[in-house]
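The residues making up each chain are set out below.
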Amino acid sequence: MTDRFRAILIRKESDAQKAELTELGLEDLMESDVVVAVSHSTVNYKDGLALTGRVPVVRRFPMIPGIDLAGVVEDSASTAFKPGDRVLINGFGLSETHYGGYAQVARVKSDWLVPIPESFSPADTMAIGTAGYTAMLSVLALEDAGLTPAKGPVLVTGASGGVGSVAIALLAKLGFHVIASTGRLSEEPYLKSLGAAEIIPREELSGEPKPLGKERWAGAVDSVGSKTLANVVASTRYGGAVAACGLAQGMDLPLSVAPFILRGVSLLGIESVHMNRARRLQAWARLARDLDREKLASMSRTIGLADVFEAANDILAGGVRGRLVVDLSR
Ligand code: NDP
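A brief structural summary.

Each value, and the rule that gives it
Residues numbered from 1 in each chain as written. Predicted model: local features only at pLDDT ≥ 70, side-chain atom pairs only at ≥ 80, totals over all residues. Heavy atoms only, no water. Helix = DSSP H or I, 4+ residues; strand = E, 2+ residues; numbered from the N terminus. Rg over C-alpha atoms; globule rule 2.2 N^0.38 Å. Buried < 20%, exposed > 50% of the residue type's maximum accessible area, 1.4 Å probe, protein only. Contact = heavy atoms within 4.5 Å. Areas by Shrake-Rupley, 256 points an atom, 1.4 Å probe, with all protein chains shown as cover. Lys, Arg positive; Asp, Glu negative; His and termini not counted. Charge placed at Lys NZ, Arg CZ, Asp CG, Glu CD. 1 Å grid on protein atoms, 1.4 Å probe; cavity = no way out; pocket = protein on both sides within 12 Å on 5 of 7 lines; lining within 4 Å. Points joined across faces, edges and corners; volume = space filled by probe spheres on them. Domains from an automatic or database assignment. Polar contact = N/O pair within 3.5 Å; in protein donor to acceptor, adjacent residues only side chain to side chain. Pairing = 2+ DSSP bridges. Axes fitted to C-alpha atoms, helices over the stretch in contact; angles between N-to-C directions. Salt bridge = Lys/Arg side-chain N within 4 Å of Asp/Glu carboxyl O. Core = buried A, V, L, I, M, F, W, Y, C linked by side-chain atoms within 4.5 Å. Near = heavy atom within 4 Å. Sits in = over half its atoms within 2 Å of the grid points.

Looking at the overall build of the chain
Reasoning step 1: For the chain, the helix and strand inventory stands at 10 helices and 15 strands.
Reasoning step 2: A globule of 330 residues ought to have a C-alpha radius of gyration of about 20 Å, and the chain, at 20 Å, matches this closely.
Reasoning step 3: With the C-alpha coordinates of the chain rotated into their principal frame, the extents come out at 60 × 45 × 35 Å.
Reasoning step 4: Evaluated residue by residue, the chain yields a buried proportion of 54% over its 330 residues.
Reasoning step 5: For the chain, long-range pairs separated by at least 24 residues make up 70% of all intrachain contacts whose partners lie at least 6 apart in sequence.
Reasoning step 6: Of the roughly 13,400 Å² of accessible surface on the chain, a fraction of 51% belongs to carbon and sulfur atoms.
Reasoning step 7: On the chain, the mean spot of the 35 positive side-chain charges and the mean spot of the 37 negative ones are 5 Å from each other.

Written out as structure tokens, the structure is:
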């Protein structure tokens, strides 16, 4: 490992934040017990928010953004990890209060590290990233609520995005009839290649919600929120469940209680950043078992560290298909 390494640093200058590619040394990193040589990171929707400053994700300055990282342990003061171990982190305040994944070296807490499952490369785990890990958490929550393929179809909103793409691939592998809702109907061949059985236009769900709609699906993974989530819940079958994990349309939720008290529908909140260790390990083990590697490769594209700025704008504009991997050596 070299003493100097490349990193993106966000500084605050007279109330505006400024992100730039720079060079740092080990002495610049925050205190913690494990040093990781970071080989890969990724660009999630939240990374777009952090890099552009559109929403105050970063809560201390300066900050190295990047909510995910993967690499190899270089140095460890923890007995839980040793040099050479392959590790990843999703969330845990990276890019918010602790330096994140957009640097070739990270000094992080051992409690946050998850061993990379044997069948994945570090790049694979970042093709999954927080978006894919959240898709898996959503599927686990639906399973816990009793959803099975026999209960009926499952809807995925924001289908061409990161959470959506991984959710489709996982649910199709598990035998579900997957309905994909997208604003990009031109992506129909892509969504079908991931395993979607039916495609519906985003507009069907994004308008003014009714208290109850026709019963259409037994479950859903929603990364869109707002009116879309309200319509999704209103059209969920008796006894069904909806995992709410995102806000691509908005933070509001103009919903009536009718689906809950008349149809016994459950709304399941999904939070990935502070999820407990046991559930993280379960999610990564299930990703290793249930995520088709060819589909993972087909939904991801690799970029270099300097490309992250443009990617941040693209993802906020809803223009990224699937997942982006950041190769820190580029
Ligand atoms: P992406 O940008 O990759 O995917 C979001 C998708 O939503 C887009 O691709 C698009 O899909 C759709 N979309 C975009 N804008 C709108 C709109 N105005 N109305 C309706 N649909 C829209 O982001 P990610 O997959 O990385 O994240 C998705 C959401 O999940 C984000 O809100 C993110 O913050 C949240 N999230 C939450 C986590 C948690 O812990 N709860 C963890 C990870 C993500 P299409 O073109 O197919 O319609």
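Digging into the layout of surface pockets
Reasoning step 1: The computed volume of the largest pocket comes to approximately 1,300 Å³.
Reasoning step 2: Around the largest pocket sit 46 residues that line it, and Y45, S223, G246, L247 and A248 are the ones nearest its centre.
Reasoning step 3: At the level of elements, α1 (45-52), α2 (122-144), α3 (162-173), β9 (178-182) and α10 (308-316) are the ones that each hand at least two residues to the lining of the largest pocket.
Reasoning step 4: Two domains each put at least three residues into the lining of the largest pocket: domain 1 (4-116 + 299-327) and domain 2 (131-269).
Reasoning step 5: Contributing to the lining of the second largest pocket are E204, L205, G207, E208, K210, L212, G213, K214, R216, N231, A234 and S235.

Examining the side chain of R263
Reasoning step 1: Topologically, R263 is positioned in helix α7 (residues 258-263).
Reasoning step 2: At a separation of 2.9 Å, a polar atom in the side chain of R263 contacts the main-chain carbonyl oxygen of A234.
Reasoning step 3: When sequence neighbours within four positions are dropped, the list of residues in contact with R263 reads L212, G213, E215, A234, S235, T236, Y238, G239 and A258.

As for the sheet that holds strand β10 (residues 198-201)
To summarise the sheet geometry, strands pair through backbone hydrogen bonds and adopt either a parallel or an antiparallel arrangement.
Reasoning step 1: Taken together, 6 strands build an open sheet; the order of strands is β10-β9-β8-β11-β12-β13 and the sheet is parallel. A single partner strand is all that each edge strand has here, and the edge strands are β10 and β13 (266-269). Here the strands of the sheet are splayed against their neighbours by 20 degrees on average, with no regard to which way each runs.
Reasoning step 2: Of the strand pairs in this sheet, strand β12 (residues 236-244) and β13 are connected by 4 bridges, and their pairing is parallel. Note that in β13 the partner of A244 across the bridge is G269.
Reasoning step 3: Seen against the sheet, α3 touches β8 (154-156), β9 and β11 (217-222) and runs at an angle of roughly 155 degrees to β8.

A few points about the pattern of salt bridges
Reasoning step 1: The full count for this structure, using the stated rule, is 17 salt bridges.
Reasoning step 2: Across the pair D290 and R289 runs a salt bridge whose closest N-O atoms are separated by 2.8 Å.
Reasoning step 3: Connected through salt bridges with shared partners, the residues E143, R286, R289 and D290 form a single ionic network.

Describing the pairing of strand β15 (residues 323-327)
Reasoning step 1: Extensive coverage of β15 is indicated by the burial of 5 of its 5 residues.
Reasoning step 2: The alternating pattern of β15 places R323, V325 and D327 and L324 and V326 on opposite faces, both of which are buried.
Reasoning step 3: Sheet topology places strand β3 (residues 34-42) next to β15; 3 bridges connect them, and they run antiparallel. Bridging from a neighbouring strand, S41 pairs with V326 of β15.
Reasoning step 4: Direction of pairing for strand β14 (residues 300-304) relative to β15: parallel, over a ladder of 5 bridges. Across the sheet, residue S300 finds its bridge partner in β15, namely R323.

Digging into the nonpolar core
It is characteristic of soluble globular proteins that their nonpolar side chains tend to be buried jointly.
Reasoning step 1: Counting residues in each nonpolar core, the largest one holds 49 residues, and the members touching the most others are I168 and L287.
Reasoning step 2: When residues in this core are grouped by element, the largest group, 12 residues, is from α2.
Reasoning step 3: Both domains that meet at this core, namely domain 1 (4-116 + 299-327) and domain 2 (131-269), each give it at least three residues.
Reasoning step 4: With 46 residues, the next largest nonpolar core counts M30, F92, L305 and I315 among its residues.

Examining the site of the ligand
Reasoning step 1: As a structural note, the neighbourhood of the ligand is formed by 25 residues, with T182, G183, R184, C245 and S272 the closest of them.
Reasoning step 2: At 2.8 Å from an oxygen atom of the ligand is found a main-chain nitrogen or oxygen belonging to S160.
Reasoning step 3: Contact with the protein chains hides 87% of the accessible area of the ligand, taken as 920 Å² for the molecule alone.
Reasoning step 4: When each cavity is represented as a set of grid points, the ligand is found to reside in the largest pocket.
Reasoning step 5: Listed by contribution, the elements that provide at least two residues to the shell around the ligand are α2 and α3.
Reasoning step 6: Looking at the shell around the ligand element by element, the count peaks at 3 residues for α2.

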